[in-house]
Amino acid sequence: MEYVLPLQRLIEKFCTLRGVGHKTAVRYAFSVLDMSEEEAAEFAEALISAKRDICPCAVCGNLSVGGSCSVCSDAARDAGVICVVEDSRAVMAIEKVKEYTGLYHVLGGVISPMDNVGPDQLRIKELLARINNTNVRELIIATNPNVEGETTAMYLSKLVAPLGIKVTRLA
Ligand code: ZN
């Protein structure tokens, strides 16, 4: 026996989420059925709003709600230091420690020939433009300590070497 169609459809949608298998999807779908109509509408609206209202920061590529992100628009941050990370989750992780006072640059991934990701698919041009147009004195490369992260770190180090700024590898 199959689930009624709208439920089947909901289960299929939950199945598309990373890390969610069929059993979990069924559990999620039934939790939705347990919601009041108002709760379900709020749930759906949160989903739509996250997609509609969040866009990359025009400066660093971090997640933001319009214009520049909270880090870039904070005048107390040290604009002379840029920490290069793979994604916004890495920004959150570093911000949690509350020790870093510089700015960020989110690459949007790492160089990975197996996944067809080369330097052109990452926000590297934007990084070079920032270094050329602002008074950056130090670049901290904080890509993950795996093969792709190291490859990307090496690539960036070589690329910015002629620009005469300090480069630190943080892993
Ligand atoms: Zn930003």
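Here, every reference points to the structure presented above.
Quick summary incoming for the structure in this document. None of these values were measured; they are calculated from a predicted model.

### Observations regarding the coordination of the zinc ion
Point 1. Every protein donor of the zinc ion is listed here as Cys57 (SG), Cys60 (SG), Cys69 (SG) and Cys72 (SG), and their distances to the metal cover 2.3 Å.
Point 2. Coordination at the zinc ion is tetrahedral: its four donor atoms span angles of 104 to 115° at the metal.
Point 3. Mapping the donors of the zinc ion onto the primary sequence yields the spacing C-x2-C-x8-C-x2-C.

### Side note on a nonpolar patch on the surface
Point 1. A surface patch of nonpolar side chains, about 280 Å² in accessible area, is lined by Tyr3, Phe30 and Leu33.
Point 2. Counting through the fold element by element, leucine 33 comes out in helix α2 (residues 22–34).

### Examining the environment of leucine 63
Point 1. Tracing the backbone shows leucine 63 in strand β2 (residues 63–64).
Point 2. Taking the relative accessible area as the measure of exposure, leucine 63 reaches 52% and is therefore exposed.
Point 3. As a C-alpha pair, leucine 63 and arginine 89 span 26 residues in sequence and 9.3 Å in three-dimensional space.
Point 4. Those residues in contact with leucine 63 that lie beyond four places of it in its chain are Ile54, Cys55, Cys69 and Ser88.

### Structural notes on the packing of helix α5 (residues 124–133) against helix α6 (residues 147–160)
Point 1. Orientation of α5 relative to α6, taken along the N-to-C sense of each, is 35°, at an axis distance of 12 Å. Judged by the twist between their axes, the crossing of α5 over α6 is right-handed. Contacts between α5 and α6 involve Ile124, Leu127, Leu128 and Ile131 from the former and Tyr155, Leu156, Leu159 and Val160 from the latter.
Point 2. Tallied by class, residues from the contact of α5 with α6 come to eight nonpolar, no polar and no charged.

### Here's the deal with the sheet that holds strand β4 (residues 102–106)
Point 1. Pairing in this open sheet of four strands is parallel, and the strands run β4-β3-β5-β6 from one edge to the other. Every other strand in the sheet has two partners, leaving β4 and β6 (166–169) as the edge strands with one partner each. Along the sheet, successive strands turn relative to each other by an average axial angle of 25°, direction set aside.
Point 2. Alignment of strand β3 (residues 78–85) against strand β5 (residues 138–141), held across four bridges, turns out to be parallel.

Reading the values: the criteria
- Residues numbered from 1 in each chain as written.
- Predicted model: local features only at pLDDT ≥ 70, side-chain atom pairs only at ≥ 80, totals over all residues.
- Heavy atoms only, no water.
- Donors = N, O, S within 2.8 Å, 3.2 Å for Na, K, Ca; no water.
- Tetrahedral: all angles 85-135°; square planar, octahedral: opposite > 155°, others 65-115°.
- Patch = residues over 30% accessible without salt bridge, like charges linked within 9 Å, V, L, I, M, F, W, Y side chains within 5 Å.
- Areas by Shrake-Rupley, 256 points an atom, 1.4 Å probe, with all protein chains shown as cover.
- Salt bridge = Lys/Arg side-chain N within 4 Å of Asp/Glu carboxyl O.
- Helix = DSSP H or I, 4+ residues; strand = E, 2+ residues; numbered from the N terminus.
- Buried < 20%, exposed > 50% of the residue type's maximum accessible area, 1.4 Å probe, protein only.
- Contact = heavy atoms within 4.5 Å.
- Axes fitted to C-alpha atoms, helices over the stretch in contact; angles between N-to-C directions.
- Left-handed = near helix turned anticlockwise from the far one by under 90°.
- Nonpolar A, V, L, I, M, F, W, Y, C, P; charged D, E, K, R; others polar.
- Pairing = 2+ DSSP bridges.

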